[in-house]
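This is what each chain is made of:
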2 protein chains.
Amino acid sequence: MARGLDILGDPWSMLVLREVFFGNGRFEAMRDRLGVADSVLAGRLAALVGSGLLTRQPYGDSGRSRQEYVLTAKGEDALPVLNAVVLWSEKHLPAPSEQAHMFVLHRGCGARTSSADSCTGCGERLTAENTSWHSLTRTADPVPLATACPGKQIGTAA
Amino acid sequence: MARGLDILGDPWSMLVLREVFFGNGRFEAMRDRLGVADSVLAGRLAALVGSGLLTRQPYGDSGRSRQEYVLTAKGEDALPVLNAVVLWSEKHLPAPSEQAHMFVLHRGCGARTSSADSCTGCGERLTAENTSWHSLTRTADPVPLATACPGKQIGTAA
DNA sequence: TAGCTGACTTTCTTCAAGAAAGCTAGACCC
DNA sequence: GGGTCTAGCTTTCTTGAAGAAAGTCAGCTA
């Protein structure tokens, strides 16, 4: 557990993972969204890549220096940890505004779940593939989570 | 979620909570077990009490200056977060030794669960009351988790 | 009354976070 | 084809927190 916390226990690491799950894997996008210092973000990304939770992937136009960070299977498996934090926060921390709420939705049955790793509506196991997060501060509609390497499947290969 | 991570995201906070769940709520015991600096432990404990996850409770002999930290209902509800970290770590991080493994057990049916907040054997919801952790480095047998205020129930009253 | 112990608090040093600027390589523009 | 733009870092500097070690204090113990 201590070893797990070395990777996941850092506040920024979890927030970076959150952004990647939201499909927000580009350096600038994360920096702007999280308000984190460049050097810290660079360090956290390198650590998460080093720990095998993220991989780098060139995106958009041809071989330019533009990279996007995407989840590996190992990173995707951290979803219950993030869900558990979201559910605990929703239950116990007062939201600073109506917009600040965030929900975990199972796309299979559409239910809002109160479990970190299974749907309390239908019991199905939650994965990044069948889960959406709904954050009012972000978009009006729920966001399907990013899975390991969107588009082309690389997944556990790395 | 960011607010939740302000409290739970700190590596030491999670480890302190782990110790309290293990029934190890005394200052010296935690310091010895975690190898954390006194000043840092004192700060973390104060923060967790301030956030309402722990309360202080005198223990043993009469009104001496000896305190023990015990969970509140709010702190107890953080169990799924810790479970999720344990399960992820067990799945994805190599254990440095045979002894380093840790399991989450449901005492109701005795099954080892692979879900953070329900028993994968019987489906029952996991609470501190019906959950044991089994850490080989600690004891040979699984340890029933500490619940909100052992002995006298205070719980949500604070 | 002279320790001893548990639970801190203080002090000091070192390391990491935060802010701000600089660097680089390809894209775009005219 | 020279200038500008932009994404994705890297460097530098300052400030704040972590870590180590010693000090404090109240009550028990002998």
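For clarity, every value in this text was computed on a predicted model and none was experimentally measured.

Novice: Where do I start with the relation of the copies chain B and chain A in this structure?
Specialist: Two copies of one chain are present, and they are related through a rotation about an axis combined with an axial shift. Aligned on chain A, chain B shows an RMSD of 0.0 Å; the corresponding rotation is 180° and the shift along the axis is 0.0 Å. Such a combination of rotation and displacement between the chain copies is what one expects of a two-fold axis. The fraction of interface residues of chain B whose copies in chain A are also interface residues reaches 100%, indicating that both copies meet through the same surface.

Novice: Would you mind going over the interface of chain B and chain A with me for this structure?
Specialist: On the side of chain A, 40 residues touch chain B, which itself brings 40 residues to the contact. Sorting the residues of chain B by area buried against chain A places Met1, Arg3 and Trp88 of chain B first, and these three jointly supply 25% of that buried surface. Remark: the boundary between chain B and chain A carries two salt bridges. Note that aspartate 77 of chain A and lysine 91 of chain B form a salt bridge whose closest N and O atoms lie 2.9 Å from each other. Linking chain B with chain A are 14 residue pairs in polar contact (both at pLDDT 80 or more). Elements with a minimum of two residues in the side of chain B that touches chain A: α1 (2-8), α2 (11-21), α5 (73-76) and α6 (79-92) of chain B. No other element matches α6 of chain B, which puts 10 residues into the side of chain B that touches chain A. Classifying every residue of the side of chain B that touches chain A by side-chain character gives 24 nonpolar, eight polar and eight charged.

Novice: Would you mind going over helix α4 (residues 38-50) of chain B with me for this structure?
Specialist: Residues and elements named next belong to chain B. Compared with the 18 Å implied by 1.5 Å per residue over 13 residues, the 18 Å span of α4 between its first and last C-alpha is a close match. What α4 keeps buried is the set Leu41, Leu45 and Leu48. Angularly, the buried residues of α4 cover 65° about the axis, an arc narrow enough to put them on a single face. Across α4 from its buried face, at more than 90 degrees, point the exposed residues Ser39 and Gly50. On its buried face, α4 sits against α1, α2, α3 (27-34), β1 (54-58) and β2 (67-71).

Novice: Mind showing me how you'd approach the sheet that holds strand β5 (residues 143-144) of chain B here?
Specialist: Strands belonging to one sheet form pairs held by backbone hydrogen bonds; the direction of such a pair is parallel or antiparallel. Residue and element names in this part refer to chain B. On the basis of which strands lie adjacent, the open sheet formed by three strands has the order β3-β4-β5 and antiparallel pairing. A single partner strand is all that each edge strand has here, and the edge strands are β3 (102-106) and β5. Summarising the sheet, strand β4 (residues 131-135) and β5 pair through two bridges and their orientation is antiparallel. Looking at β5, one finds that tryptophan 133 is bridged to valine 143.

Novice: What is the right way to look at the domain arrangement of chain A in this model?
Specialist: One frequent convention defines the size of an interface as the accessible area lost when the parts assemble. Residue and element names in this part refer to chain A. Domain annotation for chain A reports domain 1 (2-73) and domain 2 (79-144). Summarising the inter-unit geometry, the C-alpha centres of domain 1 and domain 2 are found 21 Å apart. Listed per partner, the contact involves nine residues of domain 1 and 12 residues of domain 2. Seen at the junction of domain 1 and domain 2, the total is one salt bridge. Here arginine 138 ties to glutamate 19 by a salt bridge, and the two come within 2.9 Å at their closest N and O atoms. The tally of links from domain 1 across to domain 2 stands at two residue pairs in polar contact (both at pLDDT 80 or more). Residue contributions to the side of domain 1 that touches domain 2 peak at five residues, all from helix α2 (residues 11-21).

Conventions and cut-offs
- Residues numbered from 1 in each chain as written.
- Chains lettered and ligands numbered in written order.
- Predicted model: local features only at pLDDT ≥ 70, side-chain atom pairs only at ≥ 80, totals over all residues.
- Heavy atoms only, no water.
- Least-squares fit on C-alpha atoms with pLDDT ≥ 70 in both.
- Contact = heavy atoms within 4.5 Å.
- Buried area = accessible area lost by both parts, 1.4 Å probe.
- Salt bridge = Lys/Arg side-chain N within 4 Å of Asp/Glu carboxyl O.
- Polar contact = N/O pair within 3.5 Å; in protein donor to acceptor, adjacent residues only side chain to side chain.
- Helix = DSSP H or I, 4+ residues; strand = E, 2+ residues; numbered from the N terminus.
- Nonpolar A, V, L, I, M, F, W, Y, C, P; charged D, E, K, R; others polar.
- Expected span 1.5 Å × (residues − 1).
- Buried < 20%, exposed > 50% of the residue type's maximum accessible area, 1.4 Å probe, protein only.
- Arc of directions from axis to C-beta.
- Pairing = 2+ DSSP bridges.
- Domains from an automatic or database assignment.

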